[in-house]
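Spelled out from the first residue to the last, the chains are:
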Amino acid sequence: MEKSYQPAAIEQRWYKTWEQAGYFEPSGNGQPYCIMIPPPNVTGTLHMGHAFQDTIMDTLTRYHRMKGANTLWQPGTDHAGIATQMVVERQLEAAGTNRHELGRDKFLDKVWEWKEQSGNTISKQLRRMGSSVAWSRERFTMDEGLSKAVAEVFVKLYDEGLIYRGKRLVNWDPVLHTAVSDLEVISEEESGHLWHFRYPLSSGDGYLVVATTRPETMLGDTAVAVHPDDERYSHLVGQTVDLPLCDRAIPIVADDYVDPEFGSGCVKITPAHDFNDYEIGQRHQLPLINILTVDAAINENAPAPYRGLDRYAARKQIIADFVRLELLETIEDHKLMVPRGDRSHVVVEPYLTDQWYVKVAPLAKPAIEAVEDGRIRFIPDNWSKTYFEWMHNIQDWCISRQLWWGHRIPAWYDEQGNIYVGRDEAEVRAKHAIDDSVTLRQDEDVLDTWFSSALWPFSTLGWPEQTDALKSFYPTSVLVTGFDIIFFWVARMIMMGMKFAGDVPFAEVYIHGLIRDQDGQKMSKSKGNVLDPLDLIDGVDLETLVAKRTTGLMQPQLKPKIEKATRKQFPDGIPEFGTDALRFTFAALASTGRDIRFDLGRIEGYRNFCNKIWNAARYVLMNTEGVAATHDAAAESLPDRWIRSRLSKTITEARDHIEHYRLDLAAKSLYEFTWNEYCDWYLELTKPVLQDEAVSEASKTATRRTLIEVLEALLRCLHPMIPFVTEEIWQRAAKVAGNTGSTIMLQPYPEPTDFAADGEAETQLEWIMGFVLGVRQIRGEMDISPGKPLNVLLQNVAADERARLDEHGLYLRKLARLVNISTLEDGDEPPTSATALLGGMKILVPMAGLIDVVAERDRLQKQLDRAAGDLHKIEAKLANENFVARAPEAVVTKERGRQSSLQQEIAQLEEQVAKLAELE
RNA sequence: GGGCGAUUAGCUCAGCGGGAGAGCGCUGCCUUCACACGGCAGAGGUCACUGGUUCAAUCCCAGUAUCGCCCACCA
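It should be emphasised that the depicted structure is a prediction, and the values quoted were computed from it without experimental measurement. As a convention, each chain's residues are numbered from 1 in the sequence order in which they are written. As a convention, the first chain written is A and the first ligand written is 1, with the rest following in written order. Totals for whole chains, interfaces and linings use all residues, but because this is a predicted model, local features are given only for residues with pLDDT of at least 70 and pairs of side-chain atoms are given and counted only at 80 or more. The basis for every side-chain value is the complete set of heavy atoms in the structure, and neither hydrogens nor water enter the calculation.

(A) Structural context of the overall build of chain A. Secondary structure elements are defined from DSSP: runs of H or I of at least 4 residues count as helices, runs of E of at least 2 residues count as strands, and each element is numbered from the N terminus. Along chain A, the regular secondary structure elements total 30 helices and 29 strands. When we talk radius of gyration, it's over C-alpha atoms, and the globule rule is simply 2.2 Å times the number of residues to the 0.38. For chain A, whose C-alpha radius of gyration is 37 Å, the value lies well above the compact-globule estimate of 29 Å for 920 residues. C-alpha extents for chain A along the principal axes are approximately 120 × 65 × 60 Å. When contacts within chain A are restricted to residue pairs at least 6 apart in sequence, long-range pairs at least 24 apart make up 77% of them. Each accessible area is a Shrake-Rupley result for a 1.4 Å probe, and residues are judged covered by the shown protein chains and nothing else. When the accessible surface of chain A is split by element, carbon and sulfur atoms take 49% of a total near 40400 Å². Note on contacts: a residue pair qualifies if any of its non-hydrogen atoms lie within 4.5 Å across the two residues.

Now the structure itself:
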């Protein structure tokens with residue numbers, strides 16, 4: 001084996017081997033365990049969030065596979081309507097054309113081409129992460145099967161009256177020229193103004209003042225509203241005002257919606273361009289005047305001077321005209337929420353169009369109940385609150401998009417505009433007896449991407465066919481996803497799954513946090529702070545990293561800043577850490593719910609951990625080659641019994657933590673066992689056994705067996721998190737251990753009962769550790785070279801401790817580097833020494849004339865102070881009658897025990913301090 | 001406006017009703033026959049603040065402050 005762990009040398013080789021052997025595919029045996037991957041954008045690339053999420057899913061999948069489950073982790077990608085179409089449109093733009101010139105069919109060919117070309121990038125990257133997904137079952141949301149499911153669901157919902165077409169206000173993206181759903185609109189506070197306009201009363205008796213943040217919409221005003229109880233205006237209700245700039249009189253209406261305290265208490269009503277005004281318009285039968293084109297310019301319904309002006313140019317002009325007419329009362333600075341499209345980032349307009357909607361309330365009801373009664377559990381549970389909050393206030397879902405890339409809506413129109421919905425045109429004609437003489441035109445629009453995503457858990461298993469896969473794996477076991485798509489995706493999957501697949505789509509929803517940069521910033525291209533998971537795996541030099549971060553920026557002026565920050569943070573680029581180190585880092589950081597700052601220090605630490613395992617394995621393999629297949633358990637040494645017992649506990653912990661989705665705690669347990677117990681103590685404790693000629697062969701064999709058996713089991717424990725290094729080592733270790741399996745992937749996950757718990761061994765070994773630590777501490781603080789052999793004297797040695805000394809002196813001598821351990825009898829006068837305490841026993845390191853009295857006194861005094869402080873607290877507690885009376889018996893007993901041992905410790909320390917004083 | 005979360009060592013984070021923890025960083029010593037991606041020893045914290053509950057609070061409750069996120073139609 002190499003002296004240090006080289007991830008690049010093994011990772012890709014093992015992945016290929018596993019995939020070719022078919023280990024990722026469902027075994028067909030055992031309890032089904034299924035995870036559906038949240039399908040990434042087909043043209044996307046792997047980012048830190050994916051890598052994190054994939055690590056979680058793969059760890060769970062590998063764990064359950066090792067436990068014998070029939071596992072299916074199913075991969076796939078999403079067509080991501082708007083996002084993908086935008087990318088291709090940008091390419092066309094660069095080539096000097098656009099989709100309209102190309103036409104729909106040719107454009108779609110281009111998108112498919114782009115999908116083919118870039119679509120497997122993310123699959124390749126998923127492989128680099130070690131993801132054990134069933135590639136044979138990879139799906140794409142626009143596959144034939146999934147498209148069928150989409151049509152099926154659409155038709156069924158339509159037939160039940162749960163999908164309808166309606167003319168309403170929608171969020172209109174004037175750049176993309178499509179409707180978007182409420183969820184796709186991001187409202188952020190921006191600075192703006194509040195313009196106060198005077199609307200003259202038709203009666204000529206003055207004017208009303210209305211305030212608006214959007215002056216241009218006044219061209220579409222069809223009323224002014226006041227509160228019904230507002231005495232200032234009640235006499236005016238029913239009268240009209242003359243709408244300035246327009247040759248129209250509009251009514252003054254009374255409506256509860258108006259807040260009389262705000263502004264003047266008068267509100268201009270533009271039913272065609274504001275969601276609230278639309279409602280008011282409905283209540284008062286006001287006309288709707290649409291004054292905008294699809295580009296959000298002023299249309300022909302507005303007075304001539306404004307036609308054709310962009311909305312913001314029109315705003316300027318209108319304000320100028322109000323000033324000219326002396327109808328502008330005042331302008332205030334004002335903070336307002338500006339709605340922007342989440343893709344285009346342009347301000348969206350409420351816009352009156354025909355769209356398709358899903359009536360969601362009837363679907364939401366059972367979906368709410370499923371979470372309420374625990375058929376679906378959120379982890380952590382508080383996300384269920386977020387879910388309920390949204391589900392209880394859910395609005396109908398606008399599912400049509402004026403795009404070309406996506407599932408085309410399965411609705412046809414005849415020349416009279418009648419609507420026919422069916423799975424395809426032939427079905428529509430048959431169902432409605434429409435012969436070929438009638439021309440049918442299919443709806444031009446496509447469905448919201450999330451419509452097909454909502455069907456993902458069952459459409460990917462073959463629904464509407466009742467396939468074996470569907471029967472085995474639906475409902476799936478757990479959904480692993482981020483909180484940002486609970487509404488977009490999770491809620492809709494639950495609704496659709498319950499409606500069409502007859503059950504909840506998953507039993508648990510594990511919500512993980514967002515990966516942020518080291519400063520807590522969201523990683524984004526425009527901030528220039530993205531880390532590519534592959535750069536962490538393979539390493540990257542500084543120039544490449546800078547180039548990656550600064551090319552293709554939307555705001556090129558940020559380049560110098562990004563470059564500077566990058567050069568400062570990564571002066572030497574990023575070293576190669578390997579997939580396992582990255583995965584272990586994600587696992588260790590995956591505590592519940594909260595966001596994660598990705599810290600390079602952590603990944604470096606876990607890279608070192610992989611190397612530690614590697615070297616521990618080198619040691620073990622070096623010492624166990626050809627070891628007998630069995631051993632006599634009676635010949636096991638104390639350290640053998642101890643490490644087996646510790647491993648048993650560690651296995652319990654690891655399993656328990658993984659089952660509860662606490663990968664961070666599982667990682668921690670395994671890390672600490674491996675490093676602090678197996679490496680730091682056990683491997684060191686085997687050296688005296690294996691090197692000492694006096695130790696029996698049977699005992700050596702038992703130790704060799706323990707070395708290899710613990711290593712082999714530990715590798716299995718760690719495999720779900722760090723699959724590559726564990727497989728590489730396991731292949732060698734398994735042979736020595738006598739395991740003939742072909743891969744660690746399919747070995748059983750260790751059981752706690754595989755190794756004997758042994759409380760007695762743990763107690764005894766703790767005593768040995770205490771002894772060694774005591775001597776080391778003296779060495780460290782008294783500046784005695786670690787290599788210098790020492791003699792120690794023991795005082796106040798109890799009978800059972802004498803027995804331990806006889807039995808385990810070998811370990812003490814080796815680990816503490818002692819030549820001689822001798823026991824002082826009562827009355828023996830000890831030489832000048834540095835002292836360590838172990839329970840009631842004193843360990844004395846004779847210092848002859850070398851002792852630094854001051855240093856030793858300081859050292860003891862420090863211990864004394866600490867002990868005295870602790871004792872003081874405990875005595876205060878015990879002096880409290882209420883504590884003694886009310887605290888549980890066990891707690892009181894424990895405190896009394898601590899009290900007496902501290903008293904003993906203090907007495908001994910004081911004695912030593914007094915002795916030192918004699919030397920001064 | 002409503003809801004959720006965070007505040008613990010220099011940094012990144014665990015923990016939790018009865019003795020403050022890890023990794024990284026820092027200090028000192030050590031090229032010891034698995035590992036310098038290492039070993040040994042060590043320094044470092046009024047667990048944001050104020051009250052309350054309790055025999056006992058970093059932990060539970062209430063409030064305050066700061067930071068963050070989500071939802072919401074106030075022109």
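(B) A look at the pairing of strand β23 (residues 506-512). For β23, a buried count of six out of seven residues is recorded, marking the element as mostly surrounded by other parts of the structure. Strand direction decides the pairing type here: strand β15 (residues 377-379) and β23, joined by three bridges, are parallel. Residue pairing in the sheet places Ile379 in a bridge with Tyr510 of β23. Paired strands, as defined in this entry, are two strands with at least two bridges between them according to DSSP. Bridge count for strand β22 (residues 476-482) against β23 is six bridges, and the pairing is parallel. Exposed residues in this analysis have more than 50% of their type's maximum accessible area, buried residues have under 20%, and partly exposed residues fall in between, with area computed by a 1.4 Å probe over protein chains only.

(C) Main features of unusual backbone geometry. Cis geometry is found at the peptide bond from Ile379 to Pro380, where omega equals -5 degrees. One non-glycine residue, His345, adopts positive backbone phi at about 60 degrees. With respect to the helices, strands and loops of the structure, His345 is situated in the loop between β13 (328-341) and β14 (349-358). A relative accessible area of 51% means that His345 is categorised as exposed.

(D) Focus on the protein's contact with RNA strand B. If you check the shell around RNA strand B, you find 57 residues, and the closest are Ala211, Phe262, Ser591, Arg886 and Pro888. Here a residue is near a molecule or strand as soon as one of its heavy atoms is found within 4 Å of it. Taking all atoms of RNA strand B within 4 Å of the protein, the share assigned to sugar and phosphate is 61%. Asn276 is positioned with one of its side-chain polar atoms (N or O) 2.8 Å from a sugar or linking oxygen of RNA strand B. Distance and chemistry together define a polar contact, namely a pair of N or O atoms within 3.5 Å, with one atom able to donate a hydrogen and the other to accept it when in protein, and with adjacent residues in sequence counting only for side-chain atoms on both sides. Within the side chain of Trp675, a nitrogen or oxygen atom sits 2.6 Å from a phosphate oxygen of RNA strand B. Among the elements of the structure, β8 (207-212), β13, α21 (600-624), α23 (663-691), α26 (759-781), α28 (853-879), α29 (881-886) and α30 (889-919) are those that each provide at least two residues to the surface near RNA strand B. Considering every element that reaches the surface near RNA strand B, the biggest residue donor is α21, with ten residues. Put simply, Ala, Val, Leu, Ile, Met, Phe, Trp, Tyr, Cys and Pro go in the nonpolar bin, Asp, Glu, Lys and Arg in the charged bin, and everything else, Gly too, in the polar bin. Within the surface near RNA strand B, the residues separate by chemical class into 21 nonpolar, 13 polar and 23 charged.

(E) Focus on the nonpolar core. As used here, the term nonpolar core means buried Ala, Val, Leu, Ile, Met, Phe, Trp, Tyr and Cys residues forming a set that is joined through side-chain atoms within 4.5 Å. If you look at the biggest cluster of nonpolar residues, it comprises 220 residues, and the most contacted ones within it are Tyr387, Met391, Phe451, Met496, Phe598, Tyr678 and Phe771. Considering every element that reaches this core, the biggest residue donor is α23, with 13 residues. Within the second largest apolar cluster, 37 residues are counted, among which are Val170, Val224, Leu236 and Ile250.

(F) Spatial organisation of the sheet that holds β13. What the three strands build is an open sheet, ordered β8-β7-β13; its pairing is antiparallel. Sheet topology places β8 and β13 at the edges, where each strand pairs with a single neighbour. Neighbour-to-neighbour, the strand axes of this sheet turn through a mean angle of 20 degrees, independent of strand direction. Between the N-to-C directions of two axes lies an angle of 0 to 180 degrees, each axis being a line fitted to C-alpha atoms and, for a helix, fitted only over the stretch in contact. Those strands touched by helix α9 (residues 311-324) are β7 (185-200) and β13, and its axis lies near 25 degrees from that of β7.

(G) Just helix α5 (residues 104-118), in detail. Helix span, as expected, comes to 1.5 Å for every residue beyond the first. Between the first and last C-alpha of α5 there are 21 Å, a value that for 15 residues agrees with the 21 Å anticipated at 1.5 Å per step. For α5, the full list of buried residues reads Arg104, Phe107, Leu108, Val111, Trp114, Lys115 and Ser118. The arc enclosing the buried residues of α5, seen along the axis, measures out at 115 degrees, which places them on a common side. Exposed positions of α5 whose direction lies more than 90 degrees from the buried face are Asp105, Lys106, Glu116 and Gln117. Those residues of α5 that are buried lie in contact with α3 (81-94), α4 (99-102), α6 (121-128), β4 (139-140) and β21 (446-447). In this description, one arc is meant: the one made by directions from the helix axis to the C-beta atoms.

(H) Structural context of the confidence of the model for chain A. The quantity known as pLDDT measures the predictor's confidence residue by residue, on a range of 0 to 100. Residues at a pLDDT of 70 or more form 100% of chain A, whose mean pLDDT is 91. What the predictor reports for the complex is a pTM of 0.93 with an ipTM of 0.95.

(I) Local environment of the environment of Asn393. Within the element layout of this structure, Asn393 appears in the loop between α11 (383-392) and β16 (397-398). Sequence-wise, Asn393 and Ala364 are 29 residues apart; in three dimensions their C-alpha atoms are separated by 9.8 Å.

(J) Spatial organisation of the packing of helix α7 (residues 144-159) against helix α16 (residues 486-501). Across the interface, α7 lies against α16 with an axial gap of 12 Å and an inter-helix angle of 80 degrees. By the angle between their axes, α7 is roughly perpendicular relative to α16. Across from Val153, Lys156 and Leu157 in α7, the residues of α16 making contact are Met496, Lys499 and Phe500. Grouping the constituent residues of the contact of α7 with α16 by class yields four nonpolar, no polar and two charged. Orientation categories follow fixed angle ranges, with anything under 35 degrees roughly parallel, anything over 145 roughly antiparallel, 65 to 115 roughly perpendicular, and all other angles oblique.

(K) A look at the packing of aromatic side chains. Pairing of aromatic rings covers Phe, Tyr and Trp, the last through its six-membered ring, and needs centres within 6.5 Å; plane angles under 30 degrees mean stacked, over 60 mean edge-to-face, and all others mean tilted. Inspection of every chain in the model, using the stated rule, returns 36 aromatic pairs. Aromatic ring contacts, followed pair by pair, group Trp14, Tyr15, Trp18, Phe24 and Phe724 into a single cluster. For Arg62, the ring lying beneath its charged end belongs to Trp18, and the centroid distance is 4.6 Å. In this scheme, Lys NZ or Arg CZ marks a charge over a ring once it lies within 6 Å of the ring centre and within 35 degrees of the ring normal. Stacked on the ring of Trp404, the Lys or Arg Arg99 has its end atom at 4.7 Å from the ring centre.

(L) Representation of the sheet that holds strand β19 (residues 419-421). Taken in spatial order, the three strands line up as β19-β18-β20 in an open sheet, and their pairing is antiparallel. In the strand order of this sheet, the two ends are held by β19 and β20 (441-442), each with one partner. Relative to β20, strand β18 (residues 411-413) runs antiparallel, the two sharing two bridges. Bridging from a neighbouring strand, Trp412 pairs with Gln442 of β20. Across the sheet, helix α12 (residues 425-432) touches β18 and β19, and the angle it forms with β19 is around 115 degrees.

(M) Looking closely at the environment of Ile419. Structurally, the position occupied by Ile419 is in strand β19. With relative accessibility at 29%, the residue Ile419 sits in the partly exposed group. If sequence neighbours within four positions are ignored, Ile419 has contacts with Tyr158, Arg165, Trp356, Ala411, Trp412 and Tyr413.

(N) Looking closely at the pattern of salt bridges. By convention in these notes, a salt bridge is any Lys or Arg side-chain nitrogen within 4 Å of a carboxyl oxygen on Asp or Glu. Tallying each qualifying case throughout the model produces 59 salt bridges. Among the ionic pairs, Asp436 bridges to Arg429, the shortest N-O distance being 3.9 Å. Judged by relative accessible area, Arg429 falls into the buried class, the value being 13%. Where Glu895 meets Arg898, a salt bridge forms, and the shortest distance between an N and an O atom there is 3.6 Å. On the criterion of helical spacing, the pair formed by Glu895 and Arg898 is a turn pair, its members being three residues apart in helix α30. The exposure class assigned to Arg898 is partly exposed, which follows from its relative accessible area of 34%.

(O) Expanded view of a negative patch on the surface. On the surface, Asp826, Asp828, Glu829 and Glu918 cluster together into a negatively charged patch. Within the element layout of this structure, Glu829 appears in the loop between β27 (818-823) and β28 (833-838). Like charges within 9 Å and nonpolar side chains (Val, Leu, Ile, Met, Phe, Trp, Tyr) within 5 Å are joined into patches, using only residues over 30% in relative accessible area that form no salt bridge. Charge counting treats Lys and Arg as positive and Asp and Glu as negative, with His and both chain ends excluded. For charged residues, the charge sits on one atom: NZ in Lys, CZ in Arg, CG in Asp, CD in Glu.

(P) The pairing of strand β10 (residues 240-243), seen in detail. Alternating positions in β10 separate cleanly, Val241 and Leu243 being buried on one face and Thr240 and Asp242 remaining unburied on the opposite face. The pairing of β10 with strand β11 (residues 248-254) spans four bridges and is antiparallel. Residue pairing for β11: Asp242 is matched across the bridge by Ala249. Where β10 folds back on β11, the antiparallel hairpin that results is connected by four residues, among which Leu245 adopts a positive phi of roughly 70 degrees.

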